[in-house]
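# Results of the structural survey
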2 protein chains.
Amino acid sequence: MSERKGVRETTLTEEAYQKLRWDIVSGTLEAGSPLRLDNLKQRYGLGYSPLREALNRLHSERLVTTVALRGFTVAPLSLSEMWDAVETRIHIEAEALRRAIEYGDDEWETEIISTFHALAIKAKRLQDLTEQPPKEEIKALEERHHRFHHALISACRSNWLLDFSQKLYVETERYRFPVLGGSMAASSRDVSREHQDIMEAAIARDADRTVALLTAHYRRTGETLSARYAPESEANVAHRPKAPAL
Amino acid sequence: MSERKGVRETTLTEEAYQKLRWDIVSGTLEAGSPLRLDNLKQRYGLGYSPLREALNRLHSERLVTTVALRGFTVAPLSLSEMWDAVETRIHIEAEALRRAIEYGDDEWETEIISTFHALAIKAKRLQDLTEQPPKEEIKALEERHHRFHHALISACRSNWLLDFSQKLYVETERYRFPVLGGSMAASSRDVSREHQDIMEAAIARDADRTVALLTAHYRRTGETLSARYAPESEANVAHRPKAPAL
DNA sequence: TAAATACAGATTTTCGCAAATTCTGTTTTT
DNA sequence: AAAAACAGAATTTGCGAAAATCTGTATTTA
C-alpha cells in the first residue's frame, strides 16, 4: 500500500477524485459515457474503494450520475441545464456580492485586487500565444478565474451562499472549459476589461452597479457557450432568460 | 450476504443512509459525537463499505463532518448556522416561488391543495393529542410538511433552485425536529393558518404577498428555534437578520 | 409467430482482513 | 519541571475476492 517513494501526500481517494474530476471537466471522458469500475481501476491504477468514494463525491457535485445497481456515468451536458446553472448562479452571487460589499474590509479589497491581477496576467499571456495553449495552462487559468470570482463574494458571511456558488462554479466550468481552449484571441469580448470593471465597482462599494456588471458578465458567457454548443440551432434561444438586458 | 427473506428491497448503502440520517435528524446521535466505523458496524449490523458510502452522502448534505484519516462526527449545531440556512432558504425559495407562480398550471395548484390538507389533518391530530406523540408520528408530520413546501415551488422549472431548497430543508429539519416533539399545543402560533394563507396567496397568483408570507413564516420558525435552543441568552440576537420585519 | 421463461455473461455491491496512519500515555532527556 | 522521543493502542483506508444483481440472448411453450 506504500507509495513509490516513502510517504504518501494525500489519500488515494483524493487522488482518484482529482484525476476523475479533471478528466470529466476537460472532456477527456465524454458526457454520457459509462464509468465502469473495472475500466477505471485499470486506467488509474487504483482499487475499487477509492474510486467508488471519489465517484460518490463527484455525484454530489453533479459531475456524474448514478442509478442504484447500474453503475455510474458521466453526467450529460445540456444547454437548458447550463442556463439554469448560469441564472441560479446570478441569483446566488448577486445576494452574496451585496453582502460582501456591505461587510468587506481592507483584506477583502486586497484579495480582490491581487486575484484580479494574477488572472489578468495569465489571461494576457495565453491570449498572446499563437498556438493553442496546453490543457495544463487552461487549468491554471481556470483556477485563477475561480479565485477572483470567489474573492468578490468571500466576505458575504454566509457559508451556504458560498457553498452554492462553489457548486455552480464547478457545474459551469464543464461548459466553459472546451471553449477556453478555442479561439480566445478571436473573441470580440474583452473579458479582462469586464473583470476589471467588476473589481472597480465592488471596491467603490457600488452594489447595484457591481451586481449589474456581474450579471451581464455571466449572461454574456452563457451566450458565448450557447453559440459554441449549438451554433446553428435556434432551439437554444428558448433556454435564454426572459430578461437578458441589464 | 443474503437478506433474511429472499430478495433485498434496496441496497445496503441506502439502508445505512436512511438509518443514519434518521438517527442524526431525530437527535438519537448527538451533535458533535464521533461516528466510529466499528460502533456503527455493530449498531446497524452492516459492513464497512455501505456505512462509509452512506457517511459520505451525509457529509455532502452537511449532516456529518469528516477530516481525512480522522473519521466522521455528527455535524455540530449552531444558531448562527441555523440563521444562515433560514435566510438563504428564504432567498432561494422566494425566487423559486415567483417563478412557480408564473409557470404553475392546474396540476401545480392541485398538488399544493392536496399536500396542504394532508399536512393540516396530520397536524391537527397530533395537536389534539394529550400525550407526547411518538417519534414515528413526528417523522410522518415532517414528511407532509416537506411535501407541502416542495409543492409550492415545484413548478419553478429550475433544478438547481429545487436542489438547493431541498438541501436547506434537510439542514433546518435537524433544528426543527426536537422542537416539534415539544409543546406543540402550547405554541402561540397558528402554523396551520400560516400555511393556509401561503397556499391561498400562491393560488391567487399574488407573488409579492406569497413571498412575504413565506418569509415571515420561515423567520418566525427561526425565532421559535432560537428561543428553544438558547432560552435565556441574548447572544443569539446577534445572529438575527437585519430586517426581521416584512 | 409471439410471449414467457431460463440461462449465461457482465457489472455492481458488499465483505472482512491487512497495511498505513494517527492518537495517547509513558518514559527519557535536557 | 518542561520538552522530546518512543511505544502501544485505536482507527481509518485500501484491496481483491465473493455474493448479488442486472441485461441481453437463446430456448421453450402456447
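Residues numbered from 1 in each chain as written. Chains lettered and ligands numbered in written order. Predicted model: local features only at pLDDT ≥ 70, side-chain atom pairs only at ≥ 80, totals over all residues. Heavy atoms only, no water.

All names here are of chain B. The end-to-end C-alpha distance of helix H5 (residues 106-128) is 33 Å, a good match for the 33 Å that 23 residues give at a rise of 1.5 Å each. Turning to H5, its buried residues number three or more, namely Trp 108, Ile 112, Thr 115, Phe 116, Leu 119, Ala 120, Lys 122, Ala 123 and Leu 126. Of the surrounding secondary structure, the elements contacted by the buried residues of H5 are helix H4 (79-103), helix H6 (135-153) and helix H8 (191-203). Sitting at the head of H5, Asp 105 places a side-chain oxygen 3.3 Å from the backbone nitrogen of Glu 107. (Helix = DSSP H or I, 4+ residues; strand = E, 2+ residues; numbered from the N terminus. Expected span 1.5 Å × (residues − 1). Buried < 20%, exposed > 50% of the residue type's maximum accessible area, 1.4 Å probe, protein only. Contact = heavy atoms within 4.5 Å. Polar contact = N/O pair within 3.5 Å; in protein donor to acceptor, adjacent residues only side chain to side chain.)

Right, let's get into the nonpolar core. Ranked by internal contacts, the top residues of the largest apolar core, which has 131 residues, are Leu 20, Leu 55 and Leu 152 of chain A together with Leu 20, Leu 55 and Leu 152 of chain B. Every residue in contact with Leu 152 of chain A, bar those within four places of it in the chain, is listed here: Leu 97, Ala 100, Trp 108, Ile 112, Ile 198, Ala 202 and Leu 214 of chain A. (Core = buried A, V, L, I, M, F, W, Y, C linked by side-chain atoms within 4.5 Å.)

Moving on to the protein's contact with DNA strand D. The local shell around DNA strand D holds 21 residues, among which Leu 12, Ser 49 and Arg 70 of chain A together with Arg 52 and Leu 69 of chain B are the closest. By atom count, sugar and phosphate contribute 88% of the portion of DNA strand D lying within 4 Å of the protein. Measuring from a phosphate oxygen of DNA strand D, one finds a backbone N or O atom of Leu 12 of chain A at 2.6 Å. Between DNA strand D and Arg 36 of chain B, the relevant distance is 3.3 Å, taken from a phosphate oxygen to a side-chain nitrogen or oxygen of the residue. Looking at the surface near DNA strand D, the elements with two or more residues in it are helix H1 (12-25) and helix H3 (48-60) of chain A. The element that contributes the greatest number of residues to the surface near DNA strand D is H3 of chain A, accounting for three residues. When its residues are assigned to classes, the surface near DNA strand D shows ten nonpolar, six polar and five charged. (Near = heavy atom within 4 Å. Nonpolar A, V, L, I, M, F, W, Y, C, P; charged D, E, K, R; others polar.)

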